[in-house]
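Report on the structure
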Amino acid sequence: MDYMGMTQEEVQKEIERMQRELEEQLAKMTPEERAAAEAKAQQAMREDDAALQKLMDDATKIAADVAHGVAAKPKFCGNCGAPAGTGNFCEFCGSPLS
Ligand SMILES: [Zn+2]
């Protein structure tokens, strides 16, 4: 296995070194600092959730708009009164069917 030009053993050592550094940092932290770090991490997760929720809301809104647009499509041309087809314009007079 070759990861970024490093052998698996080197990658493993790098991961262990990062874990030690993290543990050293955590050991140096006061309980208050740890709590603050945890709160910050939870805040970041909440923001991710909020971003995801907004994306879902937007998708739902777009879907609703599309469904509404289909339902709101007139059955007859507003200009000449001819039956409206499936297109966006009247087949008889060419007026937009909005
Ligand atoms: Zn028409």
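If you're wondering where the values come from, they're calculated on a predicted model, not measured in any experiment. (Residues numbered from 1 in each chain as written. Predicted model: local features only at pLDDT ≥ 70, side-chain atom pairs only at ≥ 80, totals over all residues. Heavy atoms only, no water.)

**Quick word on the coordination of the zinc ion**
Condition: Atoms are scored as donors when they are N, O or S and lie within 2.8 Å of the metal, with 3.2 Å used for Na, K and Ca; no water is included, so coordination may look incomplete. Just to be clear on the cut-offs, tetrahedral is four donors with all angles between 85 and 135 degrees, square planar is four donors and octahedral six with opposite donors over 155 degrees apart and all others between 65 and 115, and anything else goes down as irregular. With a 1.4 Å probe rolled over the protein chains alone, any residue whose accessible area is under 20% of its type maximum counts as buried; one over 50% counts as exposed, and the rest are partly exposed.
For the zinc ion, the protein coordination sphere consists of Cys 77 (SG), Cys 80 (SG), Cys 90 (SG) and Cys 93 (SG), at 2.3 Å. The coordination sphere of the zinc ion comprises four donor atoms, whose angles at the metal cover 106 to 116°; the geometry is tetrahedral. Exposure remark for Cys 77: the relative accessible area of 5% places this residue in the buried category.

**Things to note about a nonpolar patch on the surface**
Filter applied, for reference: Patch criteria: residues need more than 30% relative accessible area and no salt bridge. Like-charged residues are merged within 9 Å; nonpolar side chains of Val, Leu, Ile, Met, Phe, Trp and Tyr are merged within 5 Å. Every accessible area reported is derived by Shrake-Rupley at a probe size of 1.4 Å, with residue values counting cover from the shown protein chains alone. In the sections that follow, a salt bridge refers to a side-chain nitrogen of Lys or Arg positioned within 4 Å of a carboxyl oxygen of Asp or Glu.
Side chains of Leu 52, Leu 55 and Met 56 sit close together on the surface and give an oily, nonpolar patch of about 340 Å² of accessible area. Classification of Leu 55 as exposed rests on a relative accessible area of 59%.

**Some points on the environment of Ala 44**
To keep it simple, the criterion reads: Segments assigned H or I by DSSP are reported as helices when at least four residues long, segments assigned E as strands when at least two residues long, and all are numbered from the N terminus.
Tracing the sequence through the fold places Ala 44 in helix H2 (residues 31-71). Accessibility expressed as a relative area gives 37% for Ala 44, which makes it partly exposed. In this structure the C-alpha to C-alpha distance between Ala 44 and Phe 76, which are 32 residues apart in sequence, comes to 52 Å.

**Some words on the pattern of salt bridges**
Pairing is possible between side chains that carry opposite charge, provided their charged atoms lie close to one another. According to the stated counting rule, one finds four salt bridges in the structure shown. A salt bridge links Arg 17 to Glu 14; the shortest N-O distance between them is 2.8 Å. With Arg 17 and Glu 14 both in helix H1 (residues 8-28) and three residues apart, this pair spans about one turn of that helix. One salt bridge connects Lys 54 with Asp 58, and the closest N-O pair in it is separated by 3.2 Å. Separated by four residues within a single helix, Lys 54 and Asp 58 lie in helix H2, roughly one turn from each other. Members of the salt-bridge network, linked through shared partners, are Glu 14, Arg 17 and Glu 21.

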